[in-house]
Amino acid sequence: MSSTPKIRLRGLTKRFGAKTVLDGVDLDVAAGEGMVVLGGSGSGKSVTIKCILGLITPDAGSIEIDGRDVLAMPRREREALNDRIGMLFQNGALFDSLPVWENVCFKLLAQKRITRAKARDKAAEVLAQVGLAASVGDLSPSELSGGMQKRVGLARAIAAEPEIIFFDEPTTGLDPIMGAVIDGLIVDCVKRLGATAVSITHDMASARRIGDTAAMIHKGRIVWTGPAATLGHSGNAMVDQFANGSREGPITMELRK
Amino acid sequence: MTLILNVLAAIGRGVLGACRVLGAVVLFALEGVSHILRPPFYPRLIGRAFVEIAYFSLPVVALTAVFTGMVLALQSYSGFSRFGAESAIANVVVLSITRELGPVLAGLMVAGRIGAAFAAEIGTMRVTDQIDALTTLSTNPMKYLVAPRLLAGTIAMPLLVVIADILGVMGGWLIGTAQLGFTSASYLTSTLNFLQPMDVISGLVKAAVFGFVITLMGCYSGYTSRGGAQGVGAATTTAVVSSSILILALDYVLTAAFFGS
Ligand SMILES: Nc1ncnc2c1ncn2[C@@H]1O[C@H](COP(=O)(O)OP(=O)(O)OP(=O)(O)O)[C@@H](O)[C@H]1O
Ligand SMILES: [Mg+2]
């Protein structure tokens, strides 16, 4: 790769107590690329993303965005960087004290890019993109179904049109059709905004749709990266076992302590 | 010998742990205050916290104050009549209320309501990643969640205590005139005659400090809570217990500072 990658992780390590969750993660994500990250439950996918966002401080390793080391950045710059990043949390993490429309436009309002008067219309527009009616904007997040919460979370992540977007299991809990719609939306965002997207998913159909590149994380390390289209016949026994969901293979589900 | 060493080690560990927590709370408080002073400000959130603390605590604080005033009048009557000092009842009531019982009882009531509510709300936000979400949405969680509450608590408590002071005196007056044979005028005159501005001011300063401590412990316990519903429950308990104890301890410190010499 000639140009600097948008995101570059080297030797990222994180321990919680005695448990090593990340054990030297190396990963490059090129600008404008759709990267999908695969891996078993508890393999550290969410922790990796939270490290990149600065929500968890890694014990060792480096994180570069646009070639700049974010761990060494002064706080103000780091905050400015976060202004350009969007995140969909695995559990939605919607603010339950605010109505949906305020959730969706939260970042635009925080950055004063929009007035409160205009925020409702903007929210309706973004909600429409994720297949929700404008009337949903006036509900509180606790009044929504799980799948609707996910879509509101997605709307919130993309409303401010970020350069880098992280999707932590964007289609988990959605019906297959809505899953495909959301996948389409993610692809579209990446194309339209020219954004770099990193998605975590367990859904292989979805991974092939939204990913240009895929990476597999196992036991705290990236064990494989390659074109997402080859998932299932990549030639790597671990990846293929995971992609095809077979019980037999190099990955054994040892009991996690 | 080893037994003694073990006991000492256990005590040492406890003391060190307490120091660590104290240090963390102080740093948290300093960061919170620094965010009160620097923009962006969130007037809407300050207002919401203020209403929750001042307005919704009003009924409990008012009831507490009225009954406390009534009890004080009765108690001091039954005590003072033994040596013919009934005339001092009004003074005893107003001094006890303004200096001590107004701020302390209002503080304990608000600690139960607000400390618990803030710890539960912020704790739930912590365990459901909402605090992390704030960071990713260009908003500093300390500034958004903690600073407005600290400010609102510090302003709201003195106002509540002014009301508690008035209602407490009214409770005493009620018993004094209805039961103990004071005329309304004589009761109120002796209430106001001996009252110094310092009596009221010291009570209001206490109230402001208690308001800060209650919201601080509520926010801190919630903010640092871990591990699901159980963690939030523990945070709620910690908030109420720690702020109640701090109120009583700081009450001593402040009383000594105001009237000690
Ligand atoms: N704040 C934390 N404190 C302690 N341990 C944690 C913390 N966050 C994550 N872990 C641990 O780190 C490991 C990886 O967690 P992570 O959330 O990254 O998994 P994941 O790969 O996203 O799994 P899933 O697909 O189920 O979401 C888990 O074993 C989890 O228990
Ligand atoms: Mg996860």
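Given the structure is predicted, the values throughout are model-derived calculations rather than measurements.

1. Some remarks on the packing of helix H3 (residues 89–127) of chain B against helix H8 (residues 228–259) of chain B
Packed helices, taken two at a time, are described by the angle their axes make and the gap between the axes.
All names here are of chain B.
Phase 1: Close contact between H3 and H8 brings their axes to 8 Å; oriented N to C, the two are set at 150°. In terms of orientation, H3 and H8 fall into the roughly antiparallel class. Judged by the sense of rotation from one axis to the other, the crossing of H3 with H8 is right-handed.
Phase 2: A class-by-class count of the residues in the contact of H3 with H8 yields 14 nonpolar, ten polar and three charged.

2. Remarks on the coordination of the magnesium ion (ligand 2)
Phase 1: Surrounding the magnesium ion (ligand 2) are the protein donor atoms Ser46(A) (OG) and Gln90(A) (OE1), at 2.0 to 2.2 Å. Separated by 44 residues along the polypeptide, Ser46(A) in helix H1 (residues 45–53) and Gln90(A) in the loop between strand E6 (85–88) and helix H3 (100–104) bring together distant segments of the chain.

3. Regarding the UniProt feature "domain: ABC transporter" (unreviewed entry) in chain A
Phase 1: With numbering aligned to this structure, UniProt lists the feature "domain: ABC transporter" (unreviewed entry) at residues 7–244 of chain A.
Phase 2: Across residues 7–244 of chain A one finds 37% helix and 26% strand; the C-alpha atoms that close the span lie 29 Å apart.

4. Concerning the packing of aromatic side chains
The geometry of two aromatic rings is summed up by the distance between their centres and the angle between their planes.
Phase 1: Here the structure, examined in full by the defined rule, presents nine aromatic pairs over all chains.
Phase 2: On the basis of an interplanar angle of 50° and a centroid distance of 4.8 Å, the ring pair of Phe95(A) and Phe106(A) is categorised as tilted. With Phe95(A) in the loop between E6 and H3 and Phe106(A) in helix H4 (residues 106–110), this residue pair connects regions lying eleven residues apart in the sequence.
Phase 3: Residue Phe95(A) is classed as buried on the basis of its relative accessible area, which comes to 2%.
Phase 4: Pairing Phe106(A) with Tyr144(B) gives two aromatic rings, centres 5.5 Å apart and planes at 70°, and the pair type is edge-to-face. On the criterion of chain membership, the pair formed by Phe106(A) in helix H4 and Tyr144(B) in helix H5 (residues 141–178) is interchain, its members lying in two chains. Considered together, Phe106(A) and Tyr144(B) belong to a single accessibility category, that of buried residues.
Phase 5: An aromatic cluster of three or more residues is present, and its members are Phe95(A), Phe106(A), Tyr42(B) and Tyr144(B).
Phase 6: Here the guanidinium or amino end of Arg149(B) rests over the ring plane of Phe118(B), the centre of that ring lying 4.8 Å away.

Reading guide: rules and limits
- Residues numbered from 1 in each chain as written.
- Chains lettered and ligands numbered in written order.
- Predicted model: local features only at pLDDT ≥ 70, side-chain atom pairs only at ≥ 80, totals over all residues.
- Heavy atoms only, no water.
- Axes fitted to C-alpha atoms, helices over the stretch in contact; angles between N-to-C directions.
- Helix = DSSP H or I, 4+ residues; strand = E, 2+ residues; numbered from the N terminus.
- Parallel < 35°, antiparallel > 145°, perpendicular 65-115°, else oblique.
- Left-handed = near helix turned anticlockwise from the far one by under 90°.
- Nonpolar A, V, L, I, M, F, W, Y, C, P; charged D, E, K, R; others polar.
- Donors = N, O, S within 2.8 Å, 3.2 Å for Na, K, Ca; no water.
- UniProt positions renumbered as here; feature names shortened; annotations may be inferred.
- Phe/Tyr/Trp six-rings, centres within 6.5 Å; stacked < 30°, edge-to-face > 60°.
- Buried < 20%, exposed > 50% of the residue type's maximum accessible area, 1.4 Å probe, protein only.
- Lys NZ or Arg CZ within 6 Å of the ring centre and 35° of its normal.

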